Amino acid sequence: MGKTMWSAVVAGGAAIVFTGMAAVPAGAAEGGVSFSRVTVNGGKPIVIGVKEEVEVRAAFRMTTTLKYDFGPKVFPYRGKLNTGDRLYDSVITSDCEVVDRAKGMCDFDEWLYIDPRHVDFGNEDAGTWKTAGQVFLTGDAQDIDDLNLPLQVKRATRVTVNASPEPVATGRTITVTGRVTRANWDTHTYQGYAGRTVSLEFRAAGASSYTTVKKVTSSSTGTLRTTVKATGPGTWRWTYHGNSTSGAKSSTGDYVAVR
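Residues numbered from 1 in each chain as written. Predicted model: local features only at pLDDT ≥ 70, side-chain atom pairs only at ≥ 80, totals over all residues. Heavy atoms only, no water.

**A few points about the overall build of the protein chain**
Here is step 1: From N to C terminus, the protein chain includes 0 helices and 21 strands.
Here is step 2: Per-residue burial over the protein chain gives 44% buried out of 259 residues.
Here is step 3: Across the protein chain, contacts joining residues at least 24 apart in sequence account for 68% of those joining residues at least 6 apart.
Here is step 4: Of the roughly 12,500 Å² of accessible surface on the protein chain, 50% is carried by carbon and sulfur atoms. (Helix = DSSP H or I, 4+ residues; strand = E, 2+ residues; numbered from the N terminus. Buried < 20%, exposed > 50% of the residue type's maximum accessible area, 1.4 Å probe, protein only. Contact = heavy atoms within 4.5 Å. Areas by Shrake-Rupley, 256 points an atom, 1.4 Å probe, with all protein chains shown as cover.)

**Brief notes about the environment of Lys44**
Here is step 1: Tracing the backbone through its elements, the reader meets Lys44 in the loop between β2 (34–40) and β3 (46–48).
Here is step 2: With 109 residues separating them in the primary sequence, Lys44 and Val153 have C-alpha atoms 9.4 Å apart.

**Focus: the packing of aromatic side chains**
Here is step 1: Under the definition given, this model contains 6 aromatic pairs.
Here is step 2: With centroids separated by 5.8 Å and ring planes inclined at 80°, the aromatic side chains of Tyr193 and Tyr240 adopt a geometry described as edge-to-face. With Tyr193 in the loop between β15 (189–192) and β16 (197–204) and Tyr240 in strand β19 (residues 234–240), this residue pair connects regions lying 47 residues apart in the sequence.
Here is step 3: Here Tyr240 falls in the buried class, since its relative accessible area comes to 4%.
Here is step 4: Through pairs of rings, three or more aromatic residues link up here, namely Phe35, Phe60 and Phe108.
Here is step 5: Taking the ring centre of Tyr210 as reference, the NZ or CZ of Arg237 above it sits at 3.8 Å. (Phe/Tyr/Trp six-rings, centres within 6.5 Å; stacked < 30°, edge-to-face > 60°. Lys NZ or Arg CZ within 6 Å of the ring centre and 35° of its normal.)

**With respect to the pairing of strand β17 (residues 211–217)**
Two faces, one strand: in a regular strand the side chains alternate between the faces of the sheet.
Here is step 1: When β16 meets β17, the two strands line up antiparallel, connected through 6 bridges. Its bridge partner lying in β17, Glu201 is registered against Thr212.
Here is step 2: Here β16 folds back onto β17 in antiparallel fashion, the turn holding 6 residues, of which Gly206 has a positive phi close to 90°. (Pairing = 2+ DSSP bridges.)

**Notes on the nonpolar core**
Here is step 1: Formed by 37 residues in total, the largest nonpolar core has its most connected members in Phe35, Val40, Ile48, Met62, Tyr68, Val74 and Ile114.
Here is step 2: Mapped onto this core, the elements with two or more residues apiece are β2, β3, β4 (54–63), β5 (68–78), β9 (105–114), β10 (127–137) and β12 (151–155).
Here is step 3: The contact partners of Val40, leaving out residues within four places of it in the chain, are Ile46, Val56, Arg57, Ala58, Val74, Thr131, Leu149 and Leu151. (Core = buried A, V, L, I, M, F, W, Y, C linked by side-chain atoms within 4.5 Å.)

**A closer look at the state of the cysteines**
Here is step 1: For the structure shown, the criterion picks out 1 disulfide.
Here is step 2: Disulfide pairing places Cys96 opposite Cys106 at an S-S distance of 1.9 Å. Between Cys96 and Cys106, the S-S dihedral sits near -75°, and the bridge is therefore left-handed. Remark: Cys106 occurs in strand β9 and Cys96 occurs in the loop between β7 (90–93) and β8 (97–100); sequence separation between them is 10 residues. (Disulfide = S-S within 2.5 Å.)

**Here's the deal with the environment of Asn82**
Here is step 1: Within the secondary structure, Asn82 sits in the loop between β5 and β6 (85–86).
Here is step 2: What makes Asn82 partly exposed here is its relative accessible area of 44%.
Here is step 3: Along the sequence, Asn82 and Ile144 sit 62 residues apart, while their C-alpha atoms lie 7.5 Å from each other.

**Let's talk about the confidence of the model for the protein chain**
Where the model shows low pLDDT, its predicted coordinates should not be examined in detail.
Here is step 1: Averaged over every residue, the pLDDT of the protein chain is 90; the share at 70 or more is 88%.
Here is step 2: Every residue in residues 2–30 is under pLDDT 50, and counting partners more than four places away or in other chains gives 67 contacts. (pLDDT = per-residue confidence, 0-100.)

**Structural notes on the side chain of Thr239**
Here is step 1: Along the chain, Thr239 turns up in strand β19.
Here is step 2: With near-sequence residues (within four places) excluded, Thr239 lies in contact with Val198, Ser199, Glu201, Lys249 and Ser250.

**Considerations on the pattern of salt bridges**
Here is step 1: In total, this model carries 3 salt bridges according to the counting rule given.
Here is step 2: Asp107 is paired through a salt bridge with Arg61; the nearest N and O atoms lie 2.7 Å apart. A residue pair is termed long-range when its members are at least 10 positions apart, and Asp107 in strand β9 and Arg61 in strand β4 qualify at 46 residues.
Here is step 3: Its relative accessible area of 22% is what places Asp107 among the partly exposed residues. (Salt bridge = Lys/Arg side-chain N within 4 Å of Asp/Glu carboxyl O.)

Okay, here's the thing in structure tokens:
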């Protein structure tokens, strides 16, 4: 990961080994293996904080009639397919769920783990990654394919809120403050995120959803501050909608009674 290649893999159990030399399935890679139906993290960005190891769920189908010893797996990578950076600490792959034994077709579930405390993990790792599929074949061979599936890896954000005074009279001013911070993977701390457009949202008492009231830009320290008129009781929160390297996040809600 980052400047090194991480390759720890744990198999869920003994992989099913398909025998025979049937024709390579249509669409298979040059190595005689094809990956399909690949999903990673449900298609959502992988958002990572500063200390907690992240578990990423994946699923895929592999088709091959070749014998394989261990693997298979899918994972994020950058650079060259065989020698580029890989983004994982360890991978656990389930046993094969046989779809078509004659074709050597299996479905797999996968659990991929990323630890932001790893020495080679840093802010430069935020952004777009590609996805590869790999399996180690019997006889020290392997098949590794680019799966044409981009993955977004993002730094986690945090947002706080405080609305006051509580309670407040109808028509009086409510001051709503807060702060938006972003994970710094180099220092393993959350730091103020300056210049961010953050939405102030309100959910009236009895309502099921929030409505955007206004947008505010965070200060040089990530501080948020604005005022609104009290029109009725309800809950206030801030929402940052994220960008290409930073995750979206809403604060908890702060209820204000209006009398």
